[in-house]
Amino acid sequence: MAKKIAVFVGSLRKEAYSRKMAKALIALAPASLSLEIIEIGDMPFFNQDLEDSGNSPKSWTLFREQVKKCDAFLFVTPEYNRGMPAALKNAIDVGSRPHGQSVWEGKRAGVVSVSPGNLGGFGANHNFRQTMVFLNVPVMQQPEAYIGGAKNLFDANGALVNESTSEFLKKFMAAFAVWVGDRA
Ligand SMILES: Cc1cc2nc3c(=O)[nH]c(=O)nc-3n(C[C@H](O)[C@H](O)[C@H](O)COP(=O)(O)O)c2cc1C
């Protein structure tokens, strides 16, 4: 059966390169993977008091339920000040609680960082990986994906225009499918 993959986009911007990249990755994925973006933009910051009061925001509960239904995760993130954006970290934190009930536990992931700059979001990519170590989410090691020069990658409709990048991303998604256990 097709693996169900939750895709998370680290930017909340409408025209985000990372969202365009996420859509491109979904389009390039092997047909046997079923990928869907789970939105992270409407969740309040994690606050232990809300959790302890038994009145957690509905958006946290809904998010956790959506993530639990998935077999593995694909994160596509920009870099903010050499780390992952707060919205993405918040979503990861929300999913990690209540203590002992993390929705991430033991499932596999991949990460693609995207930037208009030359370093391709290296800092965000590894900041993300550090958090995943603690959450017991093995992140695919190779190929690594630090995608720079994002301004020149997409046309007005958000389609990839660079052939070598498309080839690389296709290989990335094929490796990701193997990583999450789809060997068909
Ligand atoms: C708060 C903030 C911090 C940023 N820090 C970095 C950074 O550390 N490295 C980088 O390559 N780009 C940085 N940028 C520029 C982003 O890469 C750029 O705005 C990019 O378009 C954001 O990704 P998005 O298109 O997916 O929204 C930063 C942008 C913002 C708003």
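Check the entry above for the structure.
What you are looking at is a predicted structure, and each value in this text was computed from that prediction instead of being measured.

### Examining the packing of helix H1 (residues 17–28) against helix H6 (residues 163–179)
For step 1, the next point in the chain: The geometry of H1 relative to H6 is characterised by a closest axis approach of 9 Å and an angle of 65 degrees between their N-to-C directions. When the axes of H1 and H6 are compared, the pair comes out roughly perpendicular. In the crossing of H1 with H6, the sense of the turn from one axis to the other is right-handed. The residues of H6 that touch H1, namely those facing Met 21, Leu 25 and Leu 28, are Ser 166, Leu 169, Lys 170 and Met 173.
For step 2, the next point in the chain: For the contact of H1 with H6, the per-class residue count stands at 5 nonpolar, 1 polar and 1 charged.

### With respect to unusual backbone geometry
For step 1, the next point in the chain: In the segment running from Arg 97 into Pro 98, the intervening peptide bond is cis, with an omega of 0 degrees.
For step 2, the next point in the chain: A cis geometry characterises the amide bond from Gln 142 onward to Pro 143, with omega recorded as -5 degrees.
For step 3, the next point in the chain: Tracing the backbone shows Pro 143 in the loop between helix H5 (122–134) and strand S5 (146–147).
For step 4, the next point in the chain: Residue Asn 136 is not a glycine yet carries a positive backbone phi of 60 degrees.
For step 5, the next point in the chain: Within the secondary structure, Asn 136 is located in the loop between H5 and S5.

The rules behind the values
Residues numbered from 1 in each chain as written. Predicted model: local features only at pLDDT ≥ 70, side-chain atom pairs only at ≥ 80, totals over all residues. Heavy atoms only, no water. Axes fitted to C-alpha atoms, helices over the stretch in contact; angles between N-to-C directions. Helix = DSSP H or I, 4+ residues; strand = E, 2+ residues; numbered from the N terminus. Parallel < 35°, antiparallel > 145°, perpendicular 65-115°, else oblique. Left-handed = near helix turned anticlockwise from the far one by under 90°. Contact = heavy atoms within 4.5 Å. Nonpolar A, V, L, I, M, F, W, Y, C, P; charged D, E, K, R; others polar.

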